[in-house]
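Take a look at the letters that make up each chain.
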Amino acid sequence: MQKLLTRNTRQASGANLKVQVLNNIKGLGLGLRKEFLQEIDEDGFLPDWWEIAPENWFDMPFHHREKFEQMISLRPTVAHGVALSIGSDEPVDKKFLKKMKNFLDYYNIEHYSDHISFTSLEGIQTYELLPINMTKKSLNFISDKIKTVEDFLQRPLMLENATYYYLPKSDMREVDFINELMEKSGAKLLLDVNNIYVNGKNHVFDPYDFLNELNLDKAAYIHVAGHYLNKELGMLIDSHGVRVTKEVWEFLDYTLKKIDIPVMIERDNNIPSYRAMTTEYKTMQKVVQSV
Amino acid sequence: MSKEQKEFFYSVLKNEQKVYSSLVKKVFFDALSSAYPLFYKEVDKKKFEKIVCKFMQHGAKNIKMWKMPNEFRLFIKKKKLFREIAYVDDLLWFEWSEVKLMMKNYKTGLPQKFSYKNEYKLSKSCVMKKLKYRVFEKGSFEEKGTYYLLGFYDFMEYRIVYKEISFPLYIFLKKMDKTGLKKTRKSISEMSDQSKKDVKKFFRDTLNELNSLHVLSPN
């Protein structure tokens with residue numbers, strides 16, 4: 001890994017910014033998936049903290065409940081959702097927020113995040129992160145929605161910079177949109193380095209320049225994940241279903257030279273064994289330790 | 001709501017957006033083929049994809065993605081799709097019931113001893129259905145008949161168990177769930193010309209077993 005990282009000739013400028021946004025979340029995290037539960041041994045390897053997809057646990061299947069509760073009692077946990085649909089031009093779904101609040105309160109989970117995107121409209125779900133118009137108008141609307149969410153949940157909201165494969169009508173650059181949204185709403189940024197890399201390649205901009213323009217003191221923690229080239233579509237697809245590429249590890253290394261915040265590895269599709277994820281976690285550990 | 005966002009959203013669902021339609025289609029396809037593995041094995045793959053697109057366009061409403069396959073099942077039934085597979089409704093019900101039982105939360109604790117003095121209903125850890133096809137047995141899907149199936153979460157083995165049950169037991173459990181144990185005993189006794197004592201004796205061991213398996217829940 002060290003050898004691999006030396007291929008990155010970029011030098012991160014500026015001081016290594018230390019930001020402590022997340023109480024009790026330190027070090028390296030891993031997504032806790034149902035598929036891992038039977039394999040995890042409480043005396044074996046455990047990450048520093050877990051990230052969970054709350055919507056998958058709203059009904060809390062009895063089949064997984066005991067192990068899930070044991071796991072989140074052993075490590076601090078962050079909730080990372082997909083169904084908030086903060087970017088839709090509709091008011092926030094209060095019924096959904098109530099379920100979310102009940103869940104977060106019940107398990108005493110302090111930190112909650114979702115994506116700068118939308119997934120549903122008029123009650124219809126796509127279960128996919130769709131791109132939003134990056135305009136002043138939508139910025140103001142989303143900012144108000146963020147405040148409604150935070151008031152309702154009685155927690156700060158973190159939002160992840162998402163990938164997009166189509167850019168709806170926009171009058172702002174993505175980086176300006178994110179910076180202004182974080183500034184105006186007070187929300188924190190869940191910095192996904194893989195998404196910046198994928199967007200950079202697909203929309204022909206330099207991910208390093210993008211990162212340099214981001215207001216990193218708004219960043220709470222970092223996501224790292226895998227992507228693949230879909231030849232038919234002619235684009236990199238942020239699948240969260242394959243191993244992290246060396247380019248993204250290099251980009252993470254560069255990012256960590258600029259900001260010292262927790263990092264976690266995400267895998268949502270093609271879930272491998274917990275053992276395989278542990279190996280990837282250790283690669284992440286090497287990258288972080290080498291900074 | 002902005003016109004542009006709405007147009008984009010529905011064009012994704014209508015399969016008009018190259019990348020996003022294909023991504024959403026994949027999400028639906030993966031969720032449905034893994035919720036219905038037996039059905040997926042039986043069905044024409046191209047037709048399945050086509051129907052998945054139709055369903056996408058129709059619109060899935062449940063925010064919990066694991067419940068979306070049930071919407072698909074009801075969509076197939078309502079729109080009378082895949083009618084060339086005679087047992088489609090039974091098979092989709094059977095596969096969905098397994099997902100549903102696996103995904104529910106249950107309160108546990110040792111069941112109290114069964115007694116005819118108590119009232120019971122079917123617990124939420126079980127499902128029961130009259131089927132027209134033998135979809136619960138591999139290789140026998142096309143066997144037409146009348147089958148009574150009981151499925152439940154096995155709290156000892158942590159898995160879903162299915163049992164074919166007799167018609168009298170099916171009727172008994174169905175009535176018990178609606179009207180309670182005492183009224184059911186009386187009504188079965190009247191229906192079958194058996195004394196209440198005989199009805200009690202006839203069902204006692206089975207009800208005892210079902211109670212120990214958490215299929216019965218005290219009311």
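Peer 1: For this particular structure, what's the right way to read the packing of helix H4 (residues 94–106) of chain A against helix H5 (residues 136–153) of chain A?
Peer 2: Packed helices, taken two at a time, are described by the angle between their axes plus the distance between the axes. Residue and element names in this part refer to chain A. Running from amino to carboxyl end, H4 crosses H5 at an angle of 45 degrees, the nearest separation of the two axes being 9 Å. By the angle between their directions, the pair H4 and H5 is classed as oblique. Here H4 and H5 pass one another in a crossing that is right-handed. Only Thr148, Val149, Phe152 and Leu153 of H5 make contact with H4, whose side of the interface consists of Lys94, Leu97, Lys98, Met100, Lys101 and Leu104. Looking at side-chain class alone, the contact of H4 with H5 contains six nonpolar, one polar and three charged residues.

Peer 1: What is the right way to read the sheet that holds strand E4 (residues 159–165) of chain B from this model?
Peer 2: Strand pairing in a sheet relies on backbone hydrogen bonds, with the paired strands running either antiparallel or parallel. All names here are of chain B. Overall, antiparallel pairing links the three strands, which are arranged E2-E3-E4 in an open sheet. What marks the edges here is a single partner per strand, and that holds for strand E2 (126–133) and E4. Put simply, the sheet's adjacent strands are angled 25 degrees from each other on average, direction ignored. As paired elements, E2 and strand E3 (residues 144–154) share seven bridges and run antiparallel to each other. In the sheet register, Val127 faces E3, and the bridge partner there is Gly151.

Peer 1: It is not clear to me how the pairing of strand E5 (residues 111–115) of chain A should be interpreted in this structure. Could you clarify?
Peer 2: Look at any regular strand and the pattern is simple: side chains alternate between the two faces of the sheet. Residues and elements named next belong to chain A. Extensive coverage of E5 is indicated by the burial of five of its five residues. Burial of E5 is two-sided: the residues His111, Ser113 and His115 facing one way and the residues Tyr112 and Asp114 facing the other way are all buried. This β-α-β element, strand E4 (residues 77–80) to H4 to E5, shows right-handed connectivity. Where E5 meets strand E8 (residues 157–160), four bridges bridge the pair, whose relative direction is parallel. Looking at the pairing, Ser113 lines up with Met158 of E8.

Procedures and definitions
- Residues numbered from 1 in each chain as written.
- Chains lettered and ligands numbered in written order.
- Predicted model: local features only at pLDDT ≥ 70, side-chain atom pairs only at ≥ 80, totals over all residues.
- Heavy atoms only, no water.
- Axes fitted to C-alpha atoms, helices over the stretch in contact; angles between N-to-C directions.
- Helix = DSSP H or I, 4+ residues; strand = E, 2+ residues; numbered from the N terminus.
- Parallel < 35°, antiparallel > 145°, perpendicular 65-115°, else oblique.
- Left-handed = near helix turned anticlockwise from the far one by under 90°.
- Contact = heavy atoms within 4.5 Å.
- Nonpolar A, V, L, I, M, F, W, Y, C, P; charged D, E, K, R; others polar.
- Pairing = 2+ DSSP bridges.
- Buried < 20%, exposed > 50% of the residue type's maximum accessible area, 1.4 Å probe, protein only.
- Right-handed = clockwise from strand over helix to strand, strands pointing away.

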